[in-house]
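Structure at a glance
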Amino acid sequence: MQNREGVVYIIDGAGGSGWTPLVFRRSLSGLPYEVKHFRWGTGYMRIINDLTDRENIESRSNELRQSIEAHKREHPHERIYVIAKSAGTMIALRALSDLPQHTVEKAILLSPAVSPGFDLSNALRACKQELINFWSPNDHFFLNLGTSLFGTADGIKGKGAGLVGFDIPKESVEEYAKLRQIKWEPSMMKLLHMGDHAGNSMPPFVDKHIVPLLHPGEYRQQAPQAG
C-alpha cells in the first residue's frame, strides 16, 4: 500500500463468522491503513468452546501481542489500532495488558463479552489516546443469558461489559481517564443498529460511528464517572 500510515487489527467474536472483519475491511478501504484480520478461534461456529477455552485465549493473546510488537519494531512511525468484537475483546485486552505504554493509538471494543469488573489499567496504559467501549443495554441474549450460563471470556458468570459497560473503580478514576464508553441510543436504529449483539457491526453504523474514530485528526477524551 502506498503512503500507508498504520495498521488496524480486527479481532472477530467467538465462532469466527468473519462478518465483522469483512465489514471493516470494506469500510476502512478509503483510509491509509493496512487491515489485518487476526484469527483466534478454535473452529467455525464453535462459540462456546471459544468462550471457555482458557488455554487457547491465552495462547492467541500472546500471538496478537507478538504481532503488534513486531509491527511496532518494523514500522515505528505507523499508528496501530485494535478493533475487537464480543469474546474477541478478551484477546485484545490480554494482548494490550502486556504491551508497553502507548504502543497502540486506540483500541475499540464492540459488545465486549468480558466481565464489567475486568481490570483495564494495563490495557489503558498501552493506548496512546483512548480505549472505547460500544455497549447496549438491549444485548441480553448473548451478554446476559449466554454469559450467565457459560461465563464471560474471562471466566465470570454474569452480565458482560457489552451490556452494562465497564465498572470504574472509585480509586482509579484518573487511571481510567482514557476509557470512553458509548451507549446504544434509539437514534442508532436508522443505521441498522437495533441494540442487539450484531448491530455495531452493521455497515451503516460502522461507517458513521467507528470509521471516523480512525481518522488521524480525530481525538476526543472525556473524564469517566466512577461506579
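Let me sum up the structure you'll find in this document. (Residues numbered from 1 in each chain as written. Predicted model: local features only at pLDDT ≥ 70, side-chain atom pairs only at ≥ 80, totals over all residues. Heavy atoms only, no water.)

Let us look at the environment of Pro 21. Looking at where Pro 21 falls in the secondary structure, it is placed in helix 1 (residues 19-27). Using a relative accessible area of 4% as the deciding quantity, one classes Pro 21 as buried. Not counting the four nearest positions on each side in its chain, Pro 21 is found in contact with Ile 10, Asp 12 and His 37. (Helix = DSSP H or I, 4+ residues; strand = E, 2+ residues; numbered from the N terminus. Buried < 20%, exposed > 50% of the residue type's maximum accessible area, 1.4 Å probe, protein only. Contact = heavy atoms within 4.5 Å.)

Before going further, it helps to spend a moment on the packing of aromatic side chains. Evaluation of the coordinates by the stated rule reveals 3 aromatic pairs. Geometrically, the ring pair formed by Tyr 33 and Tyr 81 is tilted, given 5.3 Å between the ring centres and 55 degrees between the ring planes. Linking Tyr 33 in strand 2 (residues 33-38) with Tyr 81 in strand 3 (residues 79-85), this pair joins segments that are 48 residues apart in sequence. Judged by its relative accessible area of 2%, Tyr 33 falls in the buried class. On the basis of relative accessible area, Tyr 81 is assigned to the buried category, the value being 2%. When the ring of Phe 141 is compared with that of Phe 142, the centres are 5.2 Å apart and the planes differ by 85 degrees; the resulting orientation is edge-to-face. (Phe/Tyr/Trp six-rings, centres within 6.5 Å; stacked < 30°, edge-to-face > 60°.)

Summarising burial for strand 4 (residues 104-110): 7 of the 7 residues are buried, a large majority. Note: strand 3 against strand 4, 5 bridges, orientation parallel. Across the sheet, Lys 85 pairs through a bridge with Leu 110, a residue of strand 4. For the crossover from strand 3 across helix 4 (residues 88-97) to strand 4, the handedness is right-handed. Across 6 bridges, strand 4 lies against strand 5 (residues 127-135) in parallel orientation. Each bridged residue has a counterpart across the sheet, and for Lys 106 the counterpart in strand 5 is Glu 130. (Pairing = 2+ DSSP bridges. Right-handed = clockwise from strand over helix to strand, strands pointing away.)

Okay, the sheet that holds strand 1 (residues 6-11) next. Backbone hydrogen bonds hold the strands of a sheet together, and the pairing may be parallel or antiparallel. With respect to topology, 6 strands assemble into an open sheet ordered 2-1-3-4-5-6, the strand pairing being parallel. Sheet topology places strand 2 and strand 6 (179-183) at the edges, where each strand pairs with a single neighbour. Averaged over neighbouring strand pairs, the angle between their axes works out to 15 degrees when direction is ignored. Against the sheet, helix 3 (residues 54-74) engages strand 1, strand 2, strand 3 and strand 4, with an angle of about 170 degrees to strand 1. (Axes fitted to C-alpha atoms, helices over the stretch in contact; angles between N-to-C directions.)

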